[in-house]
Amino acid sequence: MSCALPAAAAAGASALSRGAAAEGGQQSREEDDRKVRRREKNRVAAQRSRKKQTQKADKLHEEYESLEQENTSLKREIGKLTDEMKHLSEVLKDHEKICPLLHCTMNFVTIPRPDALASCLPR
C-alpha cells in the first residue's frame, strides 16, 4: 500500500504538471495573440502616421509652388512699375523744361493770389 500511494501521488503530480503545461500553453497562446494584435495595431498606426506625414509634405510642396508663382508674378510687376516710373520721370523732366508754371516768378510768392496763376499762363 505504501507503494501505491507514491504512484498515485506521482500520477497526480503528472496530471498537475500536464494541466499546468496546458494552462501555460493557453497563456502562451493568449500572449502570442496579444502580441500579434499589438503588432497589427502598431503597423496600422505607423501606416497612418506615414500617410499623414506624406500629406503634410505634399501640402507644403503645393504651398511652396504657389508662393514661387506669386513671387515670380510680383517680380514681373515690380519690373513693369519700375519701367513705368522711369518713363514718367522722363516725361516729367521733359515737361519741366517747357512748363510755364515752373518758370513763372509768381509761383514763389508766399501770398496766394487768385490772379497769380492767370498771369503765368500764356495768352
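Quick caveat: nothing in here was measured; it's all calculated off a predicted structure. Throughout this document, residue positions are counted from 1 along each chain, in the order its sequence is written. Given that the model is predicted, a residue must reach a pLDDT of at least 70 before its local features are reported, and side-chain atom pairs must reach 80 or more before they are shown or counted; all residues, however, enter totals for whole chains, interfaces and linings. Values shown for side chains rest on all heavy atoms present in the structure; no hydrogens or waters enter the calculation.

A.B. asks: Explanation requested: the overall build of the protein chain in the structure shown.
C.D. replies: Put simply, DSSP marks the helices as runs of H or I at least four residues long and the strands as runs of E at least two long, and each gets a number from the N terminus on. For the protein chain, the helix and strand inventory stands at three helices and zero strands. A 1.4 Å probe rolled over the protein chains alone gives each residue an accessible area, and that area as a share of the maximum for its type sets the label: buried under 20%, exposed over 50%, partly exposed in between. Each of the 123 residues in the protein chain was classed as buried or not, and the buried ones make up 3%. The protein chains shown are the only cover counted for residues, whose accessible areas, like all others here, come from Shrake-Rupley with a 1.4 Å probe. In the structure as shown, the protein chain presents an accessible area of about 11,400 Å², 59% of it carried by carbon and sulfur atoms.

A.B. asks: Explain a negative patch on the surface to me, please; I cannot follow it from the model alone.
C.D. replies: To count toward a patch, a residue needs a relative accessible area over 30% and no salt bridge; like charges are then connected within 9 Å, while nonpolar side chains (Val, Leu, Ile, Met, Phe, Trp, Tyr) are connected within 5 Å. Criterion for a salt bridge: a side-chain nitrogen of Lys or Arg within 4 Å of a carboxyl oxygen of Asp or Glu. When charges are counted, Lys and Arg are positive and Asp and Glu negative, with His and the chain ends excluded. For this purpose, a charge sits on NZ of Lys, CZ of Arg, CG of Asp or CD of Glu. Taken together, the side chains of Glu30, Glu31, Asp32 and Asp33 present a region of like negative charge at the surface. Within the secondary structure layout, Asp32 lies in helix H1 (residues 4-98).

A.B. asks: I'm lost on the pattern of salt bridges in this one. Help?
C.D. replies: In a structure, side chains of opposite charge can pair up when their charged atoms sit close to one another. Per the counting criterion, the structure on display carries two salt bridges. The salt bridge partner of Arg43 is Glu40, with a shortest N-O separation of 2.5 Å. Highlighted residues: Arg43 and Glu40, both in helix H1, separated by three residues, approximately one helical turn. Between Lys97 and Asp94 there is a salt bridge; the shortest N-O distance is 4.0 Å. Pair noted here: Lys97 and Asp94 are both in helix H1, with a separation of three residues, about one helical turn. You can call Asp94 partly exposed: its relative accessible area is 43%.

A.B. asks: Please clarify how the confidence of the model for the protein chain should be interpreted in this entry.
C.D. replies: Low-pLDDT portions of the prediction should not be read for the details of their coordinates. What pLDDT reports is the predictor's confidence in each residue, on a scale of 0 through 100. Per-residue confidence for the protein chain averages 81 on the pLDDT scale, and 65% of its residues sit at or above 70. Of all the helices and strands in the protein chain, helix H3 (residues 116-120) carries the lowest mean pLDDT, 56, while H1 carries the highest, 86.

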